Number of protein chains: 2
Amino acid sequence: MQIPTFYNIMNNLHHQPAAVRLASRNGDFTLPTAGHAPGFIQANLMIVPQAQAFDFLLFCQRNPKPCPLVEVLAPGQLEPACAPGANIATDVPGYRVYRHGELVEERGEIASLWQPDFVTFLIGCSFSFESAVMQAGVPLRHVEQGRNVAMYRTNLPCVPAGRFQGDMVVSMRPVKSRDIARVVEVSSRFALAHGAPVHVGNPAAIGIGDLSKPDYGDFVPVMPDELPVFWACGVTPQAVAQASRLPLCITHAPGKMFVTDQRG
Amino acid sequence: MQIPTFYNIMNNLHHQPAAVRLASRNGDFTLPTAGHAPGFIQANLMIVPQAQAFDFLLFCQRNPKPCPLVEVLAPGQLEPACAPGANIATDVPGYRVYRHGELVEERGEIASLWQPDFVTFLIGCSFSFESAVMQAGVPLRHVEQGRNVAMYRTNLPCVPAGRFQGDMVVSMRPVKSRDIARVVEVSSRFALAHGAPVHVGNPAAIGIGDLSKPDYGDFVPVMPDELPVFWACGVTPQAVAQASRLPLCITHAPGKMFVTDQRG
(Lines give C-alpha, C1' and ligand atoms only; values in the text may rest on other atoms or scores of the structure.)
Protein backbone atom coordinates (compact mmCIF):
# COMPACT_ATOMS: atom_id res chain seq x y z
CA MET A 1 0.00 0.00 0.00
CA GLN A 2 1.29 3.40 -0.90
CA ILE A 3 0.99 6.01 1.80
CA PRO A 4 -0.19 9.36 0.40
CA THR A 5 2.59 11.89 0.70
CA PHE A 6 2.30 15.66 0.75
CA TYR A 7 3.64 15.61 -2.81
CA ASN A 8 0.91 13.21 -3.91
CA ILE A 9 -1.76 15.31 -2.25
CA MET A 10 -0.43 18.47 -3.88
CA ASN A 11 -0.11 16.63 -7.17
CA ASN A 12 -3.72 15.57 -6.89
CA LEU A 13 -4.70 19.11 -5.94
CA HIS A 14 -3.00 20.42 -9.04
CA HIS A 15 -4.80 17.99 -11.32
CA GLN A 16 -8.44 18.15 -10.26
CA PRO A 17 -10.61 21.20 -10.88
CA ALA A 18 -12.81 20.54 -7.84
CA ALA A 19 -9.72 20.27 -5.62
CA VAL A 20 -8.32 23.59 -6.88
CA ARG A 21 -11.69 25.24 -6.24
CA LEU A 22 -12.09 23.73 -2.75
CA ALA A 23 -8.57 24.76 -1.75
CA SER A 24 -9.29 28.27 -3.06
CA ARG A 25 -12.49 28.32 -1.00
CA ASN A 26 -10.60 27.30 2.14
CA GLY A 27 -7.86 29.86 1.55
CA ASP A 28 -5.27 27.11 0.95
CA PHE A 29 -4.70 27.97 -2.71
CA THR A 30 -3.93 31.59 -3.66
CA LEU A 31 -1.65 31.01 -6.66
CA PRO A 32 -2.13 31.77 -10.34
CA THR A 33 -3.92 28.80 -11.89
CA ALA A 34 -1.77 28.34 -15.04
CA GLY A 35 -0.66 24.70 -15.28
CA HIS A 36 -3.15 23.48 -12.68
CA ALA A 37 -5.96 21.05 -13.59
CA PRO A 38 -4.48 20.61 -17.09
CA GLY A 39 -7.00 19.78 -19.82
CA PHE A 40 -9.84 21.70 -18.16
CA ILE A 41 -11.13 25.05 -19.34
CA GLN A 42 -10.17 27.97 -17.12
CA ALA A 43 -12.14 31.19 -17.27
CA ASN A 44 -11.74 34.90 -16.74
CA LEU A 45 -14.30 36.15 -14.22
CA MET A 46 -16.41 39.27 -14.68
CA ILE A 47 -19.30 40.14 -12.39
CA VAL A 48 -21.53 43.14 -13.10
CA PRO A 49 -24.85 44.29 -11.63
CA GLN A 50 -27.94 43.24 -13.56
CA ALA A 51 -28.55 46.84 -14.69
CA GLN A 52 -25.45 46.60 -16.90
CA ALA A 53 -25.72 42.89 -17.73
CA PHE A 54 -27.65 43.15 -21.01
CA ASP A 55 -25.16 45.62 -22.45
CA PHE A 56 -22.20 43.57 -21.26
CA LEU A 57 -23.67 40.35 -22.66
CA LEU A 58 -24.28 42.16 -25.94
CA PHE A 59 -20.67 43.39 -25.90
CA CYS A 60 -19.43 39.81 -25.50
CA GLN A 61 -21.80 38.56 -28.21
CA ARG A 62 -20.49 41.22 -30.61
CA ASN A 63 -16.83 40.59 -29.74
CA PRO A 64 -16.51 36.81 -29.48
CA LYS A 65 -12.74 36.69 -30.06
CA PRO A 66 -11.73 38.74 -27.01
CA CYS A 67 -14.87 37.69 -25.04
CA PRO A 68 -15.66 34.00 -25.72
CA LEU A 69 -18.47 33.11 -23.32
CA VAL A 70 -17.93 29.86 -21.46
CA GLU A 71 -21.04 30.54 -19.37
CA VAL A 72 -23.25 33.38 -18.17
CA LEU A 73 -25.02 32.80 -14.87
CA ALA A 74 -28.52 34.02 -14.04
CA PRO A 75 -28.77 37.07 -11.75
CA GLY A 76 -27.75 36.01 -8.22
CA GLN A 77 -26.75 32.49 -9.31
CA LEU A 78 -23.62 31.23 -7.53
CA GLU A 79 -23.22 27.69 -8.92
CA PRO A 80 -22.17 27.47 -12.57
CA ALA A 81 -23.36 24.61 -14.79
CA CYS A 82 -19.74 24.16 -15.93
CA ALA A 83 -18.65 23.34 -12.36
CA PRO A 84 -21.38 21.60 -10.33
CA GLY A 85 -20.96 22.16 -6.60
CA ALA A 86 -18.77 25.23 -7.10
CA ASN A 87 -19.43 28.64 -5.55
CA ILE A 88 -18.44 31.55 -7.76
CA ALA A 89 -18.08 33.85 -4.73
CA THR A 90 -15.44 31.74 -2.96
CA ASP A 91 -13.79 29.33 -5.42
CA VAL A 92 -11.47 31.70 -7.29
CA PRO A 93 -7.98 32.08 -5.75
CA GLY A 94 -8.26 35.87 -5.77
CA TYR A 95 -10.78 38.61 -6.63
CA ARG A 96 -10.50 42.29 -7.54
CA VAL A 97 -13.24 44.78 -6.75
CA TYR A 98 -13.59 47.91 -8.88
CA ARG A 99 -15.86 50.86 -8.04
CA HIS A 100 -16.39 53.55 -10.67
CA GLY A 101 -13.48 52.11 -12.62
CA GLU A 102 -11.01 52.23 -9.72
CA LEU A 103 -9.47 49.14 -8.12
CA VAL A 104 -10.49 49.41 -4.47
CA GLU A 105 -9.72 45.98 -3.09
CA GLU A 106 -8.13 42.59 -3.76
CA ARG A 107 -9.57 39.80 -1.62
CA GLY A 108 -9.90 36.02 -1.24
CA GLU A 109 -13.70 35.81 -1.39
CA ILE A 110 -16.65 38.00 -2.35
CA ALA A 111 -19.37 36.09 -0.48
CA SER A 112 -19.69 38.98 1.97
CA LEU A 113 -20.21 41.42 -0.93
CA TRP A 114 -22.64 39.23 -2.87
CA GLN A 115 -25.91 40.77 -4.05
CA PRO A 116 -28.90 39.02 -5.66
CA ASP A 117 -28.54 41.18 -8.79
CA PHE A 118 -24.94 40.13 -9.51
CA VAL A 119 -24.53 38.55 -12.96
CA THR A 120 -21.42 36.41 -13.50
CA PHE A 121 -19.69 36.08 -16.86
CA LEU A 122 -17.13 33.31 -17.36
CA ILE A 123 -14.94 34.21 -20.34
CA GLY A 124 -12.53 31.77 -21.95
CA CYS A 125 -8.76 32.17 -21.59
CA SER A 126 -5.86 31.07 -23.77
CA PHE A 127 -4.65 28.11 -21.70
CA SER A 128 -6.55 25.48 -23.73
CA PHE A 129 -5.13 26.49 -27.08
CA GLU A 130 -1.64 26.93 -25.66
CA SER A 131 -1.64 23.31 -24.48
CA ALA A 132 -2.88 22.16 -27.87
CA VAL A 133 -0.27 24.22 -29.74
CA MET A 134 2.53 22.77 -27.63
CA GLN A 135 1.16 19.25 -28.06
CA ALA A 136 1.27 19.89 -31.82
CA GLY A 137 5.01 20.37 -31.44
CA VAL A 138 5.20 24.17 -31.49
CA PRO A 139 7.12 25.61 -28.51
CA LEU A 140 5.81 28.70 -26.71
CA ARG A 141 8.63 30.72 -25.21
CA HIS A 142 6.75 32.41 -22.36
CA VAL A 143 5.55 29.02 -21.09
CA GLU A 144 9.06 27.53 -21.34
CA GLN A 145 10.44 30.53 -19.46
CA GLY A 146 7.66 30.44 -16.86
CA ARG A 147 6.63 34.02 -17.66
CA ASN A 148 3.27 35.67 -18.09
CA VAL A 149 2.36 36.22 -21.75
CA ALA A 150 3.03 39.70 -23.18
CA MET A 151 -0.12 41.77 -23.73
CA TYR A 152 -0.62 45.02 -25.64
CA ARG A 153 -3.30 47.62 -26.15
CA THR A 154 -4.05 48.02 -29.88
CA ASN A 155 -6.00 50.37 -32.13
CA LEU A 156 -8.34 47.52 -33.21
CA PRO A 157 -11.76 48.79 -32.11
CA CYS A 158 -14.20 46.43 -30.43
CA VAL A 159 -17.80 46.63 -31.59
CA PRO A 160 -19.43 48.81 -28.91
CA ALA A 161 -22.57 47.85 -26.95
CA GLY A 162 -24.28 50.44 -24.80
CA ARG A 163 -21.70 52.01 -22.47
CA PHE A 164 -19.11 49.35 -23.26
CA GLN A 165 -16.55 50.35 -25.86
CA GLY A 166 -12.83 50.40 -26.38
CA ASP A 167 -9.93 48.87 -28.27
CA MET A 168 -8.88 45.25 -28.20
CA VAL A 169 -6.07 44.02 -25.98
CA VAL A 170 -4.00 41.26 -27.59
CA SER A 171 -1.52 38.69 -26.35
CA MET A 172 1.64 38.04 -28.38
CA ARG A 173 3.54 34.81 -28.91
CA PRO A 174 6.64 34.57 -31.14
CA VAL A 175 6.23 31.76 -33.71
CA LYS A 176 8.63 30.51 -36.39
CA SER A 177 7.45 31.21 -39.94
CA ARG A 178 7.22 27.49 -40.70
CA ASP A 179 4.88 26.99 -37.69
CA ILE A 180 2.50 29.91 -38.21
CA ALA A 181 -0.04 28.06 -40.36
CA ARG A 182 -0.09 25.23 -37.82
CA VAL A 183 -0.74 27.50 -34.82
CA VAL A 184 -3.55 29.16 -36.79
CA GLU A 185 -5.08 25.76 -37.60
CA VAL A 186 -4.78 24.49 -34.04
CA SER A 187 -5.90 27.63 -32.21
CA SER A 188 -8.84 28.17 -34.57
CA ARG A 189 -10.38 24.96 -33.16
CA PHE A 190 -10.53 26.54 -29.69
CA ALA A 191 -13.22 29.20 -30.08
CA LEU A 192 -13.65 29.36 -26.28
CA ALA A 193 -9.93 30.12 -25.96
CA HIS A 194 -10.01 33.17 -28.31
CA GLY A 195 -9.76 31.07 -31.49
CA ALA A 196 -7.45 31.97 -34.40
CA PRO A 197 -5.04 34.92 -34.20
CA VAL A 198 -6.26 38.42 -35.09
CA HIS A 199 -2.93 39.56 -36.58
CA VAL A 200 0.40 38.09 -37.73
CA GLY A 201 3.57 40.23 -37.90
CA ASN A 202 3.76 44.05 -38.33
CA PRO A 203 2.91 45.28 -34.81
CA ALA A 204 2.75 48.93 -35.95
CA ALA A 205 -0.25 48.15 -38.17
CA ILE A 206 -2.37 47.54 -35.06
CA GLY A 207 -0.98 50.44 -33.07
CA ILE A 208 1.80 48.67 -31.13
CA GLY A 209 4.78 51.03 -31.10
CA ASP A 210 7.35 49.01 -29.16
CA LEU A 211 7.05 45.25 -28.77
CA SER A 212 9.60 45.28 -25.97
CA LYS A 213 7.24 47.31 -23.76
CA PRO A 214 4.03 45.30 -23.27
CA ASP A 215 1.15 47.02 -21.47
CA TYR A 216 0.58 43.90 -19.33
CA GLY A 217 2.64 40.76 -18.65
CA ASP A 218 6.26 40.08 -19.53
CA PHE A 219 8.14 40.73 -22.77
CA VAL A 220 9.66 37.71 -24.50
CA PRO A 221 12.04 38.38 -27.41
CA VAL A 222 11.10 37.66 -31.03
CA MET A 223 13.96 35.88 -32.84
CA PRO A 224 14.98 36.68 -36.46
CA ASP A 225 13.29 33.52 -37.81
CA GLU A 226 10.05 34.29 -35.97
CA LEU A 227 7.09 36.62 -36.34
CA PRO A 228 5.02 38.02 -33.50
CA VAL A 229 1.55 36.43 -33.60
CA PHE A 230 -1.30 38.26 -31.87
CA TRP A 231 -4.44 36.77 -30.33
CA ALA A 232 -7.46 38.58 -28.88
CA CYS A 233 -7.01 38.63 -25.11
CA GLY A 234 -9.39 38.20 -22.18
CA VAL A 235 -7.99 41.35 -20.59
CA THR A 236 -10.08 43.24 -23.18
CA PRO A 237 -13.44 42.93 -21.38
CA GLN A 238 -11.80 43.88 -18.08
CA ALA A 239 -10.19 46.97 -19.60
CA VAL A 240 -13.45 47.92 -21.30
CA ALA A 241 -15.50 47.41 -18.12
CA GLN A 242 -13.05 49.50 -16.09
CA ALA A 243 -13.03 52.26 -18.71
CA SER A 244 -16.82 52.39 -18.61
CA ARG A 245 -16.62 53.27 -14.87
CA LEU A 246 -19.37 50.92 -13.74
CA PRO A 247 -20.50 51.63 -10.18
CA LEU A 248 -19.28 48.13 -9.34
CA CYS A 249 -17.56 45.31 -11.12
CA ILE A 250 -15.66 42.32 -9.79
CA THR A 251 -13.01 40.30 -11.65
CA HIS A 252 -10.53 37.57 -10.83
CA ALA A 253 -7.07 38.72 -9.73
CA PRO A 254 -4.51 38.53 -12.58
CA GLY A 255 -3.74 34.92 -13.52
CA LYS A 256 -6.06 33.51 -10.84
CA MET A 257 -8.76 32.01 -13.01
CA PHE A 258 -11.94 30.10 -12.27
CA VAL A 259 -11.23 26.43 -13.04
CA THR A 260 -14.20 24.64 -14.65
CA ASP A 261 -15.01 20.94 -14.96
CA GLN A 262 -15.35 21.37 -18.72
CA ARG A 263 -12.67 19.78 -20.89
CA GLY A 264 -11.32 22.10 -23.56
CA MET B 1 -27.74 48.32 -75.89
CA GLN B 2 -30.06 45.99 -74.05
CA ILE B 3 -33.30 47.49 -72.86
CA PRO B 4 -34.14 46.41 -69.30
CA THR B 5 -37.19 44.20 -69.29
CA PHE B 6 -39.58 43.46 -66.46
CA TYR B 7 -37.95 40.06 -66.21
CA ASN B 8 -34.51 41.65 -65.82
CA ILE B 9 -35.75 44.04 -63.16
CA MET B 10 -37.41 41.19 -61.26
CA ASN B 11 -34.28 39.10 -61.69
CA ASN B 12 -32.22 41.92 -60.26
CA LEU B 13 -34.72 42.30 -57.43
CA HIS B 14 -34.35 38.64 -56.61
CA HIS B 15 -30.57 38.85 -56.47
CA GLN B 16 -29.83 41.94 -54.38
CA PRO B 17 -30.51 42.09 -50.65
CA ALA B 18 -31.11 45.85 -50.67
CA ALA B 19 -33.62 45.50 -53.53
CA VAL B 20 -35.56 42.80 -51.67
CA ARG B 21 -35.65 44.99 -48.57
CA LEU B 22 -36.70 48.12 -50.47
CA ALA B 23 -39.49 46.27 -52.28
CA SER B 24 -40.64 44.86 -48.93
CA ARG B 25 -40.65 48.39 -47.52
CA ASN B 26 -42.76 49.65 -50.40
CA GLY B 27 -45.21 46.76 -50.16
CA ASP B 28 -44.11 45.39 -53.56
CA PHE B 29 -42.58 42.19 -52.16
CA THR B 30 -44.64 40.03 -49.81
CA LEU B 31 -43.32 36.57 -50.73
CA PRO B 32 -41.29 34.06 -48.74
CA THR B 33 -37.62 34.95 -49.23
CA ALA B 34 -36.21 31.44 -49.93
CA GLY B 35 -34.16 31.53 -53.13
CA HIS B 36 -33.97 35.33 -53.23
CA ALA B 37 -30.64 37.17 -52.89
CA PRO B 38 -28.75 33.86 -53.04
CA GLY B 39 -25.43 33.78 -51.18
CA PHE B 40 -26.54 36.29 -48.55
CA ILE B 41 -27.45 35.39 -44.97
CA GLN B 42 -31.17 35.54 -44.22
CA ALA B 43 -32.34 35.83 -40.63
CA ASN B 44 -35.27 34.93 -38.44
CA LEU B 45 -36.62 38.04 -36.71
CA MET B 46 -37.49 38.25 -33.02
CA ILE B 47 -38.30 41.51 -31.28
CA VAL B 48 -38.88 41.64 -27.51
CA PRO B 49 -39.18 44.53 -25.06
CA GLN B 50 -35.98 45.47 -23.23
CA ALA B 51 -37.36 44.09 -19.95
CA GLN B 52 -37.10 40.57 -21.41
CA ALA B 53 -34.04 41.16 -23.60
CA PHE B 54 -31.32 40.02 -21.17
CA ASP B 55 -33.06 36.70 -20.54
CA PHE B 56 -33.70 36.17 -24.25
CA LEU B 57 -30.10 37.03 -25.16
CA LEU B 58 -28.95 34.61 -22.47
CA PHE B 59 -31.28 31.95 -23.91
CA CYS B 60 -29.71 32.39 -27.35
CA GLN B 61 -26.18 32.36 -25.89
CA ARG B 62 -26.95 29.10 -24.09
CA ASN B 63 -28.60 27.48 -27.13
CA PRO B 64 -26.45 28.50 -30.08
CA LYS B 65 -27.56 25.66 -32.37
CA PRO B 66 -31.27 26.60 -32.52
CA CYS B 67 -30.52 30.32 -31.88
CA PRO B 68 -27.35 31.36 -33.77
CA LEU B 69 -27.13 35.13 -33.37
CA VAL B 70 -26.42 36.99 -36.60
CA GLU B 71 -26.88 40.31 -34.79
CA VAL B 72 -28.57 41.83 -31.75
CA LEU B 73 -29.56 45.48 -32.07
CA ALA B 74 -29.42 48.00 -29.24
CA PRO B 75 -32.77 48.97 -27.63
CA GLY B 76 -34.73 51.07 -30.13
CA GLN B 77 -32.16 50.62 -32.92
CA LEU B 78 -33.76 50.19 -36.36
CA GLU B 79 -30.75 49.92 -38.69
CA PRO B 80 -28.73 46.70 -38.35
CA ALA B 81 -24.97 46.68 -38.93
CA CYS B 82 -25.45 43.64 -41.19
CA ALA B 83 -27.63 45.69 -43.58
CA PRO B 84 -26.64 49.38 -43.72
CA GLY B 85 -29.55 51.60 -44.75
CA ALA B 86 -32.16 48.99 -43.81
CA ASN B 87 -35.07 49.58 -41.46
CA ILE B 88 -35.98 46.58 -39.34
CA ALA B 89 -39.57 47.87 -38.89
CA THR B 90 -40.39 47.98 -42.60
CA ASP B 91 -37.95 45.81 -44.59
CA VAL B 92 -39.28 42.33 -43.81
CA PRO B 93 -41.96 41.04 -46.24
CA GLY B 94 -44.30 40.17 -43.36
CA TYR B 95 -44.49 40.46 -39.57
CA ARG B 96 -46.42 38.63 -36.86
CA VAL B 97 -47.41 40.29 -33.61
CA TYR B 98 -47.96 38.15 -30.49
CA ARG B 99 -49.47 39.43 -27.26
CA HIS B 100 -49.34 37.20 -24.17
CA GLY B 101 -48.38 34.30 -26.44
CA GLU B 102 -51.32 34.71 -28.82
CA LEU B 103 -50.95 35.67 -32.48
CA VAL B 104 -53.02 38.86 -32.77
CA GLU B 105 -51.98 40.26 -36.12
CA GLU B 106 -50.01 39.69 -39.33
CA ARG B 107 -48.95 42.90 -41.06
CA GLY B 108 -46.58 44.40 -43.62
CA GLU B 109 -44.77 46.84 -41.32
CA ILE B 110 -44.37 47.49 -37.61
CA ALA B 111 -43.16 51.10 -37.81
CA SER B 112 -46.47 52.25 -36.34
CA LEU B 113 -46.00 49.87 -33.37
CA TRP B 114 -42.34 50.67 -32.77
CA GLN B 115 -41.24 51.54 -29.23
CA PRO B 116 -37.84 52.84 -28.07
CA ASP B 117 -37.41 49.81 -25.81
CA PHE B 118 -37.77 47.23 -28.60
CA VAL B 119 -34.72 44.94 -28.91
CA THR B 120 -34.28 43.12 -32.23
CA PHE B 121 -32.65 39.70 -32.51
CA LEU B 122 -31.59 38.44 -35.94
CA ILE B 123 -31.21 34.66 -35.76
CA GLY B 124 -29.61 32.60 -38.51
CA CYS B 125 -31.64 30.30 -40.74
CA SER B 126 -30.76 27.18 -42.68
CA PHE B 127 -30.66 28.64 -46.20
CA SER B 128 -26.86 29.18 -46.21
CA PHE B 129 -25.98 25.60 -45.36
CA GLU B 130 -28.64 24.20 -47.69
CA SER B 131 -27.02 26.02 -50.64
CA ALA B 132 -23.60 24.74 -49.61
CA VAL B 133 -24.86 21.16 -49.22
CA MET B 134 -26.43 21.21 -52.68
CA GLN B 135 -23.29 22.79 -54.18
CA ALA B 136 -21.36 19.87 -52.60
CA GLY B 137 -23.48 17.56 -54.77
CA VAL B 138 -25.99 16.36 -52.18
CA PRO B 139 -29.62 16.83 -53.28
CA LEU B 140 -32.22 18.12 -50.82
CA ARG B 141 -35.66 16.78 -51.64
CA HIS B 142 -37.79 19.57 -50.16
CA VAL B 143 -35.90 22.17 -52.18
CA GLU B 144 -36.22 20.12 -55.39
CA GLN B 145 -39.94 19.73 -54.73
CA GLY B 146 -40.38 23.41 -53.82
CA ARG B 147 -41.78 22.53 -50.41
CA ASN B 148 -41.16 23.96 -46.97
CA VAL B 149 -38.81 21.83 -44.87
CA ALA B 150 -40.47 19.41 -42.38
CA MET B 151 -40.13 20.53 -38.75
CA TYR B 152 -40.84 18.61 -35.53
CA ARG B 153 -41.10 19.29 -31.83
CA THR B 154 -38.67 17.04 -29.92
CA ASN B 155 -37.95 16.07 -26.32
CA LEU B 156 -34.46 17.62 -26.51
CA PRO B 157 -34.55 20.27 -23.79
CA CYS B 158 -33.06 23.70 -24.45
CA VAL B 159 -30.97 25.17 -21.65
CA PRO B 160 -33.42 27.54 -19.91
CA ALA B 161 -32.73 31.23 -19.22
CA GLY B 162 -35.08 33.16 -16.96
CA ARG B 163 -38.64 32.72 -18.23
CA PHE B 164 -37.49 31.19 -21.50
CA GLN B 165 -37.55 27.40 -21.59
CA GLY B 166 -38.80 24.57 -23.77
CA ASP B 167 -37.80 21.77 -26.08
CA MET B 168 -35.92 22.11 -29.33
CA VAL B 169 -37.71 22.20 -32.68
CA VAL B 170 -35.73 20.46 -35.44
CA SER B 171 -35.90 20.42 -39.23
CA MET B 172 -35.50 17.11 -41.07
CA ARG B 173 -33.84 16.37 -44.39
CA PRO B 174 -33.58 12.84 -45.83
CA VAL B 175 -29.96 12.05 -46.75
CA LYS B 176 -28.42 8.94 -48.33
CA SER B 177 -26.13 7.00 -45.98
CA ARG B 178 -23.14 7.63 -48.25
CA ASP B 179 -23.74 11.41 -48.04
CA ILE B 180 -24.32 11.79 -44.32
CA ALA B 181 -20.70 12.43 -43.35
CA ARG B 182 -20.46 15.03 -46.11
CA VAL B 183 -23.56 16.97 -45.02
CA VAL B 184 -22.21 16.96 -41.45
CA GLU B 185 -18.86 18.32 -42.64
CA VAL B 186 -20.41 20.97 -44.84
CA SER B 187 -23.15 22.13 -42.47
CA SER B 188 -20.79 22.26 -39.50
CA ARG B 189 -18.96 25.12 -41.22
CA PHE B 190 -22.12 27.25 -41.10
CA ALA B 191 -22.47 28.01 -37.39
CA LEU B 192 -24.82 30.93 -38.17
CA ALA B 193 -27.06 28.51 -40.10
CA HIS B 194 -27.53 26.08 -37.16
CA GLY B 195 -24.23 24.24 -37.82
CA ALA B 196 -23.94 20.44 -37.73
CA PRO B 197 -27.00 18.20 -37.23
CA VAL B 198 -28.18 17.41 -33.70
CA HIS B 199 -29.37 13.87 -34.53
CA VAL B 200 -29.07 11.28 -37.32
CA GLY B 201 -31.67 8.52 -37.76
CA ASN B 202 -33.96 7.06 -35.04
CA PRO B 203 -36.64 9.76 -34.72
CA ALA B 204 -38.23 8.05 -31.69
CA ALA B 205 -35.06 8.67 -29.65
CA ILE B 206 -35.77 12.42 -29.70
CA GLY B 207 -39.50 12.12 -29.16
CA ILE B 208 -40.72 12.16 -32.75
CA GLY B 209 -43.53 9.59 -33.00
CA ASP B 210 -44.51 9.84 -36.65
CA LEU B 211 -42.19 11.33 -39.25
CA SER B 212 -45.06 11.64 -41.72
CA LYS B 213 -46.78 14.19 -39.47
CA PRO B 214 -44.48 17.18 -39.02
CA ASP B 215 -45.52 19.88 -36.54
CA TYR B 216 -44.62 22.61 -39.05
CA GLY B 217 -43.86 22.60 -42.78
CA ASP B 218 -44.37 19.79 -45.29
CA PHE B 219 -43.51 16.10 -45.01
CA VAL B 220 -41.09 14.69 -47.57
CA PRO B 221 -40.68 10.91 -47.70
CA VAL B 222 -37.51 9.17 -46.49
CA MET B 223 -36.39 6.51 -49.00
CA PRO B 224 -35.03 3.07 -47.96
CA ASP B 225 -31.42 4.07 -48.70
CA GLU B 226 -31.75 7.27 -46.68
CA LEU B 227 -31.78 8.30 -43.03
CA PRO B 228 -33.64 11.27 -41.62
CA VAL B 229 -31.09 13.90 -40.51
CA PHE B 230 -32.19 16.49 -37.96
CA TRP B 231 -30.90 20.04 -37.50
CA ALA B 232 -31.74 22.54 -34.76
CA CYS B 233 -34.36 24.91 -36.17
CA GLY B 234 -34.95 28.65 -35.89
CA VAL B 235 -38.59 27.99 -35.04
CA THR B 236 -37.31 27.01 -31.56
CA PRO B 237 -36.86 30.56 -30.22
CA GLN B 238 -40.25 31.57 -31.62
CA ALA B 239 -41.96 28.60 -29.97
CA VAL B 240 -40.14 29.27 -26.70
CA ALA B 241 -40.98 32.99 -26.75
CA GLN B 242 -44.65 32.27 -27.47
CA ALA B 243 -44.80 29.64 -24.71
CA SER B 244 -43.38 32.16 -22.24
CA ARG B 245 -46.39 34.42 -22.93
CA LEU B 246 -44.45 37.66 -23.19
CA PRO B 247 -46.70 40.73 -23.07
CA LEU B 248 -45.46 41.48 -26.59
CA CYS B 249 -43.20 39.86 -29.13
CA ILE B 250 -42.88 40.38 -32.86
CA THR B 251 -41.49 37.90 -35.38
CA HIS B 252 -41.24 37.60 -39.15
CA ALA B 253 -44.14 35.81 -40.88
CA PRO B 254 -43.27 32.19 -41.75
CA GLY B 255 -40.65 32.01 -44.50
CA LYS B 256 -40.46 35.80 -44.84
CA MET B 257 -36.98 36.43 -43.51
CA PHE B 258 -34.90 39.54 -43.09
CA VAL B 259 -32.31 39.54 -45.90
CA THR B 260 -28.89 40.82 -44.78
CA ASP B 261 -25.93 42.14 -46.78
CA GLN B 262 -23.68 39.57 -45.08
CA ARG B 263 -22.39 36.73 -47.26
CA GLY B 264 -22.81 33.32 -45.64
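Residues numbered from 1 in each chain as written. Chains lettered and ligands numbered in written order. Predicted model: local features only at pLDDT ≥ 70, side-chain atom pairs only at ≥ 80, totals over all residues. Heavy atoms only, no water.

### Remarks on the confidence of the model for chain A
All names here are of chain A.
- Averaged over all residues, the pLDDT of chain A is 91; the fraction at 70 or higher stands at 95%.
- Ranking the helices and strands of chain A by mean pLDDT puts strand β5 (residues 118-124) first, with 97, and helix α1 (residues 6-15) last, with 53.
- Contacts for the low-pLDDT stretch residues 1-9, under 50 throughout, to residues beyond four places or in other chains number two contacts.
- Both confidence scores are given for the complex: pTM 0.83, ipTM 0.73. (pLDDT = per-residue confidence, 0-100. Helix = DSSP H or I, 4+ residues; strand = E, 2+ residues; numbered from the N terminus. Contact = heavy atoms within 4.5 Å.)

### Focus on the relation of the copies chain B and chain A
- Placing chain B over chain A gives an RMSD of 0.0 Å and needs a rotation angle of 180 degrees, together with 0.0 Å of translation along the axis. What we have between these two chains is a two-fold relation. Judged by C-alpha distance, B:Phe54 is the residue of chain B that lies nearest the rotation axis, at 2.4 Å.
- A share of 100% of the interface residues of chain B reappears at the interface of chain A, consistent with the copies meeting face to face through the same patch. (Least-squares fit on C-alpha atoms with pLDDT ≥ 70 in both.)

### Description of the domain arrangement of chain A
Residues and elements named next belong to chain A.
- Along its sequence, chain A is carved into domain 1 (6-24 + 32-124 + 244-263) and domain 2 (127-238).
- If you sort the residues of domain 1 by the area they bury against domain 2, Phe 59, Lys 65 and Pro 66 come out on top, with a joint share of 30%.
- The class makeup of the residues in the side of domain 1 that touches domain 2 is 16 nonpolar, ten polar and four charged. (Domains from an automatic or database assignment. Buried area = accessible area lost by both parts, 1.4 Å probe. Nonpolar A, V, L, I, M, F, W, Y, C, P; charged D, E, K, R; others polar.)

### Remarks on the sheet that holds strand β8 (residues 199-200) of chain A
Residue and element names in this part refer to chain A.
- Reading across from one edge, β6-β7-β9-β8 is the order of the four strands in this open sheet, with antiparallel pairing throughout. Both outer strands of the open sheet, β6 (150-157) and β8, are each paired with one neighbouring strand and no more.
- By the bridge criterion, two bridges tie β8 to strand β9 (residues 226-232) in an arrangement that is antiparallel. Each bridged residue has a counterpart across the sheet, and for His 199 the counterpart in β9 is Phe 230.
- The sheet strands contacting helix α6 (residues 177-188) are β7 (167-176), β8 and β9, and the helix crosses β7 at an angle near 130 degrees. (Pairing = 2+ DSSP bridges. Axes fitted to C-alpha atoms, helices over the stretch in contact; angles between N-to-C directions.)

### Quick notes on the state of the cysteines
- What the rule picks out here adds up to zero disulfides over all chains.
- The thiol sulfur of A:Cys82 is not disulfide-bonded, and the nearest other cysteine sulfur, from A:Cys125, lies at 12 Å.
- Look at A:Cys82 and you get buried, because its relative accessible area is 7%.
- Considering cysteine sulfurs only, B:Cys233 is the nearest to B:Cys125, which forms no disulfide, with 9.4 Å between them.
- A residue is classified by how much of its surface remains accessible, and B:Cys125, at 5% relative accessible area, is buried. (Disulfide = S-S within 2.5 Å. Buried < 20%, exposed > 50% of the residue type's maximum accessible area, 1.4 Å probe, protein only.)

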